[in-house]
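# Commentary on secondary and tertiary structure
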Amino acid sequence: MKIESDFNDIDALGDDHIGSSSDTPMRADAFELSNSEKIDIIKDDVRHILETLGLDLNDDSLSGTPNRVAKMFVNEIFGGLNPDKKPNASTFDNKYKYGEMLVEKNITVYSTCEHHLLPIVGRAHVAYISNGTVVGLSKMNRIVDYFAKRPQVQERLTIQIVKELQNVLGTEDVACVIDAKHLCVNSRGIRDIESSTVTSEFGGKFKEKETRREFLDYIQLDTQF
Ligand SMILES: [Zn+2]
């Protein structure tokens, strides 16, 4: 049957973690509901899932779960869907005339696999070469966190971080490497605890072998303090 095989294809696509676009697929009416309206709807949906699984929602331990999960989805782990939460793009002139590479490494990544809604946990390493504009160091962490707080595909997350920094800094010379564990791979399915996934996106000068090498060497540095 055609419909069934289409569903199977979509399922297989998701299980292989293949993403389709660098933009998060959003509907045009994504923000017509307020956050509190979304929480009310999702709360009922979560209750429905738990009840369908046969759980007794009158139990003290479970009674608050639907509301807790709904608030967590909207305000926290998927809060980065809302463009209002995007870190503002304040930049500075590069007063020191520092023209070398700047690397912010080991940025903590907490995201959610959009195929299974299970956590992606890892580290992002971000670099740029200033063309006269710089950003505060914590801005790079905030940009990573903003795009991580969505249902995600790791490849898309990597590209979104690079594109945003290219925009903010006005240069193509931006790179990002993410090394992360996907709990959908580690805890279910193939149950491979050790494996992690590395994705990279290299813009501008980072496409050149030497610049890329320098960036990757910095990432390897074991920083002690
Ligand atoms: Zn997954």
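A brief report on the enclosed structure follows. As a convention, each chain's residues are numbered from 1 in the sequence order in which they are written. Reporting in this predicted model follows two pLDDT cut-offs: at least 70 for local features of residues, and 80 or more for side-chain atom pairs to be given and counted; totals over whole chains, interfaces and linings ignore these cut-offs and use all residues. Working from all heavy atoms in the structure, the side-chain values ignore hydrogens and water.

### Considerations on the side chain of Thr 211
With respect to the element layout, Thr 211 can be found in helix 8 (residues 209-220). Here Lys 205 takes part through its backbone oxygen, which lies 3.4 Å from a polar atom of the side chain of Thr 211. Two residues form a contact once any of their heavy atoms are found within 4.5 Å. If we ignore the near neighbours within four places in the chain, the residues touching Thr 211 are Met 101, Ile 129, Lys 205 and Phe 206. Each helix is a run of H or I in the DSSP string that is no shorter than four residues. Each strand is a run of E no shorter than two, and both are numbered from the N terminus. Whenever two N or O atoms come within 3.5 Å, that pair is a polar contact, provided that in protein one can donate a hydrogen and the other can accept it, and provided that, for residues adjacent in sequence, both atoms are side-chain atoms.

### Examining the packing of aromatic side chains
Ring pairs are drawn from Phe, Tyr and Trp, using the six-membered ring of Trp, whenever the two centres fall within 6.5 Å, and their geometry is named by plane angle: stacked under 30 degrees, edge-to-face over 60, tilted for the rest. With the rule as written, the count across this model stands at four aromatic pairs. Considering the side-chain rings of Phe 202 and Phe 215, the 6.4 Å spacing of their centres and the 80 degrees angle between planes classify their relative orientation as edge-to-face. Pair noted here: Phe 202 is in strand 7 (residues 197-202) and Phe 215 is in helix 8, with a separation of 13 residues, a long-range link. Relative accessibility thresholds used throughout: buried, under 20% of the residue-type maximum; exposed, over 50%; partly exposed, between the two (1.4 Å probe, protein chains only). The buried category is assigned to Phe 215, whose relative accessible area is 0%. When the ring of Phe 206 is compared with that of Phe 215, the centres are 5.7 Å apart and the planes differ by 75 degrees; the resulting orientation is edge-to-face.

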